[in-house]
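# Coordinates in review
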Amino acid sequence: MRALVLDAPGTELREAEVPAPELRPGQVRIRVGACGVCRTDLHIRDGELRDPKLPLILGHQIVGTVIDGGSAFTDGARVGVPWLGWTCGECRYCHAGRENLCDRALFTGYTIDGGYAEEVVADVRYCFPLPEGPRDEELAPLLCAGLIGYRALRAAGDGECIGLYGFGAAAHIVAQVAIQEGRRVFAFTRQGDDAAQSLALGLGAVWAGAVGERPEQLDAAIIFAPAGELVPEALAAVRKGGTVVCAGIHMSAIPSFPYELLWGERVVRSVANLTRQDGHELFQAIRSQPIKTVVEVFPLSAAEHALDRLRRGAVRGAAVLSVAGQPPATV
Ligand SMILES: [Zn+2]
Ligand SMILES: [Zn+2]
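Predicted model only: the values in this text are computed from it and were never measured.

## Details of the packing of helix H4 (residues 145–155) against helix H8 (residues 276–288)
Relative orientation of the contacting elements H4 and H8 amounts to 100°, with a least axis distance of 10 Å. The angle between H4 and H8 places the two elements in the roughly perpendicular class. Residues Gly146, Leu147, Tyr150 and Arg151 of H4 pack against Asp278, Gly279, Glu281 and Leu282 of H8. Residue composition of the contact of H4 with H8, grouped by class: 3 nonpolar, 2 polar and 3 charged.

## A closer look at the nonpolar core
Nonpolar side chains in soluble globular proteins tend to be buried together. Formed by 101 residues in total, the largest nonpolar core has its most connected members in Ile30, Tyr116, Leu164, Phe167 and Ile222. Filtering out sequence-adjacent residues up to four positions away, Phe167 remains in contact with His172, Ala175, Ala187, Phe188, Thr189, Ala196, Leu199, Ala200 and Leu203.

## Points about the state of the cysteines
Two cysteines joined by a covalent bond between their sulfur atoms form a disulfide. Scanning all chains against the criterion turns up 0 disulfides. No disulfide involves Cys127; its nearest neighbouring cysteine sulfur is the one of Cys35, lying 13 Å away. Cys127 gets classed as buried once you look at its relative accessible area, which sits at 6%. Free of any disulfide, Cys161 has its nearest cysteine sulfur in Cys246, 20 Å distant.

## Quick notes on the side chain of Thr87
Its place among the elements puts Thr87 in the loop between strand E6 (84–86) and helix H2 (92–95). At a separation of 2.6 Å, a polar atom in the side chain of Thr87 contacts the side chain of Tyr126. Apart from the residues lying within four places of it in its own chain, the contact partners of Thr87 are Cys94, Glu99, Cys102, Ala105, Tyr126 and Arg276.

## Comments concerning the coordination of the zinc ion (ligand 2)
Surrounding the zinc ion (ligand 2) are the protein donor atoms Cys38 (SG), His60 (NE2) and Cys144 (SG), at 2.0 to 2.2 Å. Mapping the donors of the zinc ion (ligand 2) onto the primary sequence gives the spacing C-x21-H-x83-C. One end of the pair, Cys38, is in the loop between strand E3 (27–37) and helix H1 (39–45); the other, His60, is in the loop between H1 and strand E4 (62–68), and 22 residues separate them in sequence. Neither residue differs from the other here; Cys38 and His60 are each classed as buried.

## Here's the deal with the environment of Pro131
For Pro131, the location among the structural elements is in the loop between strand E9 (128–129) and helix H3 (136–139). Sequence-distant contacts of Pro131, defined by excluding residues within four places in its chain, comprise Arg78, Leu139, Phe283, Ile286 and Arg287.

## What to know about unusual backbone geometry
Leu54 connects to Pro55 through a cis peptide bond whose omega is -10°. With respect to the helices, strands and loops of the structure, Pro55 is situated in the loop between H1 and E4. The phi torsion at Glu265 lies on the positive side, around 55°, for a residue other than glycine. Along the polypeptide, Glu265 turns up in the loop between strand E14 (238–246) and strand E15 (267–270). You will see that Asn273, though not glycine, has its phi angle at about 60°, which is positive. As for its position among the elements, Asn273 is in the loop between E15 and H8. The exposure class assigned to Asn273 is buried, which follows from its relative accessible area of 14%.

Conventions we followed
Residues numbered from 1 in each chain as written. Chains lettered and ligands numbered in written order. Predicted model: local features only at pLDDT ≥ 70, side-chain atom pairs only at ≥ 80, totals over all residues. Heavy atoms only, no water. Axes fitted to C-alpha atoms, helices over the stretch in contact; angles between N-to-C directions. Helix = DSSP H or I, 4+ residues; strand = E, 2+ residues; numbered from the N terminus. Parallel < 35°, antiparallel > 145°, perpendicular 65-115°, else oblique. Contact = heavy atoms within 4.5 Å. Nonpolar A, V, L, I, M, F, W, Y, C, P; charged D, E, K, R; others polar. Core = buried A, V, L, I, M, F, W, Y, C linked by side-chain atoms within 4.5 Å. Buried < 20%, exposed > 50% of the residue type's maximum accessible area, 1.4 Å probe, protein only. Disulfide = S-S within 2.5 Å. Polar contact = N/O pair within 3.5 Å; in protein donor to acceptor, adjacent residues only side chain to side chain. Donors = N, O, S within 2.8 Å, 3.2 Å for Na, K, Ca; no water.

Here it is, written out as C-alpha cells:
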C-alpha cells in the first residue's frame, strides 16, 4: 500500500510502498478514505512529543470503509478511528472510567500506525460507526479536533460565555456545539488573523478579535493554541469561579503569574486524550444537530505541505488528506 512514513522526528515524511498491515484478532481492516491532519501530528513530526513508534505512519483522524470486519462490522461500513487506539482495561484509570488516562494506552498515529496510508488496521472496540451524509473529508476532523474540543467544552463547565483561544480545527467545531447549547462564543486569535476571525463570526461567534482584548468577562476559556503565555491571559479574562482548559497535548512553558489571577476559585486544568464515551456522545449529538466542518483538502502525497501550513497557522478550519478519492487539492 501507499503510505507516508516518518523515519525520524525532524525529518520529512517519506512516500513509500509498504506492506499492508497484518490483521490481528480483534482488529478490523479499513480502506482509508480521508485522514485529518492534527497539530499533534506536527508535534510528533517535529519531535516535540517523545518516543513515537519508528518508523511511523502518522494520522489519527481516520474515516474509512471496513474491508475486513470480522463479526463486528459488515464489510463496507463507514467507521472512524480516533487517537485513543487501545487501553489496558486493568489500571486504576480504566477501572474508574477514565481510560483517557490509562497508564498503558496506545495512540493511533503515535505508538501504533495511523491513517496517512491507503489502509489501516484498528482495534474494533475503538472504532466509531459514523453517520451517513457528510463526505469522508468533512467527517475526519471530528475524530480528534471534534472529540478533544467536545471533551474540553464539557470540562469548561456550563457557563454561558466561552472564550476560545486559537480558532483552528478544534475551535471551529466546538464553537458550533457551544452555540447549539445556547452559549455565547468569543474567538481570540493572533493579531490580524482576519481569516480565522471571519470564520468564527460566520459560524456564529458573538465576538472575534485579538488575544489581549477583553470584550466581556468570560465564564470559561479553552486554549487550543500551544502557547503557554495564553494561560495567564485567559485567567485574567475569566470571572471568579471560572475554568481555563488547556486542550492541547503540547504547550510551551507557562510564564509565572501573580496569584491574584488564580484567586477567586479560578481553575486551570488540562484535557488529555478522549474516552470512547466522549465519542459516542459527540456522534450522537451531531446526528440530531449536524456540525459543518470547514476543511482544506490535500492529496495524501501533500501531507508535508499540509503540515507546513498548519505550522504557519495558515489553515482555515481543518486540514484533511484525501486518500481514496482523487479530489483536487484546494491549495
Ligand atoms: Zn488502563
Ligand atoms: Zn489530534
